[in-house]
Amino acid sequence: AQSVTQPDIHITVSEGASLELRCNYSYGATPYLFWYVQSPGQGLQLLLKYFSGDTLVQGIKGFEAEFKRSQSSFNLRKPSVHWSDAAEYFCAVAPNYGGATNKLIFGTGTLLAVQP
Amino acid sequence: SAVISQKPSRDICQRGTSLTIQCQVDSQVTMMFWYHQQPGQSLTLIATANQGSEATYESGFVIDKFPISRPNLTFSTLTVSNMSPEDSSIYLCSVTLDLADTQYFGPGTRLTVL
């Protein structure tokens, strides 16, 4: 069965420091890959996605993610974290069924805290 | 992207009652989905709302407990029936604009069952 693993439940970084959130997936083929962010009391906002092509994808708010097929990973990075980045981050995969995306499978999330 | 609204944004309900959650999109969409997110947990897909036909439920979710309607391409409802405290959760709808596209999420409905 497909699964998504986010090994870090909680991460604390200092403002201005770099950030990397890990995501590994289990799936027989290359799925569609997503990162979403959820601020307290809010819905999910899409940060970035990978469908095909360049394995380094740029997203909103200065985030990027790199797809590494050999490691089945899609780690999220940001070079300099801002206090407003404090939120919960979810990695998700969608099995690639003939080009249709459905049934997003989410990881358990990583809660990011930012220290002044 | 699409602008998605949900009603109500939150509710507190008594055990044994039912609540219907509405999801409205500002444009016609291809697919609509319903997820739930229990406290401190990740999101789990409940069902895919199919326009003009019965919803497709994921394993562990049944129509009697979570009846879903989708009368057109911009609107869907999810009913949580005969509620128990275990149904306390955030319920989110999501949509795709095309088949091979991103899912965009509504703001969610926070449900507390006493």
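So, here is what we can say about the structure in this document. (Residues numbered from 1 in each chain as written. Chains lettered and ligands numbered in written order. Predicted model: local features only at pLDDT ≥ 70, side-chain atom pairs only at ≥ 80, totals over all residues. Heavy atoms only, no water.)

A closer look at the overall build of chain B
When you go through chain B residue by residue, the secondary structure sums to 0 helices and 11 strands. Starting at the N terminus and ending at the C terminus, chain B contains elements arranged as β-β-β-β-β-β-β-β-β-β-β. For 114 residues, the compact-globule estimate of 2.2 N^0.38 gives 13 Å, and chain B sits close to it at 13 Å. Structurally, chain B occupies a C-alpha span of about 40 × 25 × 20 Å along its principal axes. Out of the 114 residues belonging to chain B, those deemed buried represent 53%. Of the accessible surface of chain B, which amounts to about 5200 Å², a share of 49% is contributed by carbon and sulfur atoms. (Helix = DSSP H or I, 4+ residues; strand = E, 2+ residues; numbered from the N terminus. Rg over C-alpha atoms; globule rule 2.2 N^0.38 Å. Buried < 20%, exposed > 50% of the residue type's maximum accessible area, 1.4 Å probe, protein only. Areas by Shrake-Rupley, 256 points an atom, 1.4 Å probe, with all protein chains shown as cover.)

Considering the pattern of salt bridges
Pairing is possible between side chains of opposite charge, provided their charged atoms come close. Residue and element names in this part refer to chain A. One pass over the structure, following the stated rule, counts 5 salt bridges over all chains. Across the pair E64 and R77 runs a salt bridge whose closest N-O atoms are separated by 3.2 Å. With a gap of 13 residues between them, E64 in strand β8 (residues 64-68) and R77 in strand β9 (residues 73-78) connect regions that are remote in the sequence. Here E66 makes a salt bridge to R77, at a shortest N to O gap of 3.2 Å. (Salt bridge = Lys/Arg side-chain N within 4 Å of Asp/Glu carboxyl O.)

Description of the pairing of strand β6 (residues 44-50) of chain A
Residue and element names in this part refer to chain A. The buried fraction of β6 is high, at 5 of 7 residues. Two strands pair when backbone bridges link them, and strand β5 (residues 32-38) and β6 are joined in this way by 6 bridges, in the antiparallel orientation. Bridge pairing links L33 to Y50 in β6. (Pairing = 2+ DSSP bridges.)

Concerning the state of the cysteines
Applying the stated criterion across every chain, the model contains 2 disulfides over all chains. The disulfide partner of C23 of chain A is C91 of chain A, and the S-S distance across this bridge is 2.0 Å. The S-S bond linking C23 of chain A to C91 of chain A shows a torsion near -65°; that makes this disulfide left-handed. Residue C23 of chain A is located in the loop between β3 (19-21) and β4 (24-26), and its partner C91 of chain A is located in strand β10 (residues 87-94); the two are separated by 68 residues in the primary sequence. Here C23 of chain A and C91 of chain A have matching classes, each one buried. Cysteine C13 of chain B is unpaired, with the sulfur of C93 of chain B as its nearest cysteine sulfur at 18 Å. (Disulfide = S-S within 2.5 Å.)

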